[in-house]
Amino acid sequence: MLIAFFFGHGVWPRAECVKLLDEEVVPVCAPGVMEQTDVNDPLALTRMILLQVSTRPEAWHDWFEAQNLYTEHSYHGPRFDTFYMALRAARAGCGVALVPRFLAQEELDEGKLVIPWPFSLNSQDAYYMAYPEHMADLHKVKSFTEWIKARL
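This is a predicted model, so every value here is computed, not measured.

Trainee: What exactly am I supposed to notice about the overall build of the chain here?
Mentor: Within the chain, the secondary structure is distributed over 5 helices and 6 strands. Across the chain, helices and strands are ordered from the amino to the carboxyl terminus as β-β-α-β-α-β-α-β-α-β-α. The principal-axis extents of the C-alpha atoms in the chain amount to approximately 55 × 30 × 25 Å. Within the chain, the proportion of its 152 residues that are buried is 42%. Total accessible area on the chain stands at roughly 8800 Å², and carbon and sulfur atoms take up 53% of it. With 13 positive and 20 negative side-chain charges, the chain shows a spacing of 8 Å between the two charge centroids.

So, in structure tokens, the structure goes:
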């Protein structure tokens, strides 16, 4: 049996794709970083180090553009391979990361991270689960997909 999880448009040849959740990205940083910078508009974030995620090179550019803003700094900053690594760097006070809210929610709730500017960007893509079309009626596939959906 092959079941895959992916982020994208929800189309995969010869596969059933089940949408799991949408993605909302937010800027996050350590509370101490906020004390060092007066954030009175989104461009104030460019005075911080913008932590980049290599799989989303346009993320900061898109976030600023969605607010009708442009900055030459949207591509500057250290790059990390994963959101997890960018979150850890943000929590350590290394800068501000742009990440899916659901990945940062627990640390936001605990006050370990804060949102320095209250604009979130809803992605055009989403998270999906996919499996081969010919396996859709298998009991173990149905059971697993229902188990996943029940946990969302």
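Trainee: Can you walk me through the side chain of glutamine 67 in this structure?
Mentor: Within the secondary structure, glutamine 67 is located in the loop between helix H2 (59-65) and strand S4 (79-80). A relative accessible area of 17% places glutamine 67 in the buried class. Among residues more than four places away in sequence, those in contact with glutamine 67 are Pro42, Trp117 and Phe119.

Trainee: Please clarify how the pattern of salt bridges should be interpreted in this entry.
Mentor: Between side chains of opposite charge, a pair can form as their charged atoms come close. Counting across every chain of the model gives 7 salt bridges. Residues joined in a network through salt bridges with shared partners are Arg88, Arg91 and Glu107.

Trainee: I would appreciate a short explanation of the side chain of aspartate 125 in the present structure.
Mentor: Structurally, aspartate 125 is set in strand S6 (residues 121-132). Comment: no salt bridge for buried aspartate 125; closest opposite-charge side chain is arginine 56, at 6.7 Å. A polar side-chain atom of aspartate 125 sits 2.8 Å from a polar atom in the side chain of histidine 9. Leaving out residues up to four positions away in the same chain, aspartate 125 has contacts with Phe7, Gly8, His9 and Glu23.

Trainee: Explain helix H3 (residues 83-91) to me, please; I cannot follow it from the model alone.
Mentor: Residues three or four positions apart in an α-helix share a direction because the helix packs 3.6 residues into each turn. Residues of H3 that are buried include every one of Phe83, Ala86, Leu87, Ala89 and Ala90, and no others. Seen along its axis, H3 keeps its buried residues to an arc of 160°; they face one direction. In this structure, the buried residues of H3 make contact with strand S2 (15-28), strand S3 (50-53), S4, strand S5 (96-100) and helix H4 (101-109). One or two positions beyond H3, positive phi appears at glycine 93, with a value near 90°.

Trainee: What is the right way to look at the packing of H3 against H4 in this model?
Mentor: Two numbers describe a pair of packed helices, the interaxial angle and the distance between the axes. In contact at an axis separation of 11 Å, H3 and H4 are set at 30° when each is read in the N-to-C sense. Overall, the two elements H3 and H4 adopt an arrangement that is roughly parallel. Crossing handedness for the pair H3 and H4: right-handed. Residues Phe83, Leu87, Arg88 and Arg91 of H3 pack against Leu103, Ala104 and Glu107 of H4. Tallied by class, residues from the contact of H3 with H4 come to 4 nonpolar, no polar and 3 charged.

Here is what the cut-offs are and how they apply
Residues numbered from 1 in each chain as written. Predicted model: local features only at pLDDT ≥ 70, side-chain atom pairs only at ≥ 80, totals over all residues. Heavy atoms only, no water. Helix = DSSP H or I, 4+ residues; strand = E, 2+ residues; numbered from the N terminus. Buried < 20%, exposed > 50% of the residue type's maximum accessible area, 1.4 Å probe, protein only. Areas by Shrake-Rupley, 256 points an atom, 1.4 Å probe, with all protein chains shown as cover. Lys, Arg positive; Asp, Glu negative; His and termini not counted. Charge placed at Lys NZ, Arg CZ, Asp CG, Glu CD. Contact = heavy atoms within 4.5 Å. Salt bridge = Lys/Arg side-chain N within 4 Å of Asp/Glu carboxyl O. Polar contact = N/O pair within 3.5 Å; in protein donor to acceptor, adjacent residues only side chain to side chain. Arc of directions from axis to C-beta. Axes fitted to C-alpha atoms, helices over the stretch in contact; angles between N-to-C directions. Parallel < 35°, antiparallel > 145°, perpendicular 65-115°, else oblique. Left-handed = near helix turned anticlockwise from the far one by under 90°. Nonpolar A, V, L, I, M, F, W, Y, C, P; charged D, E, K, R; others polar.

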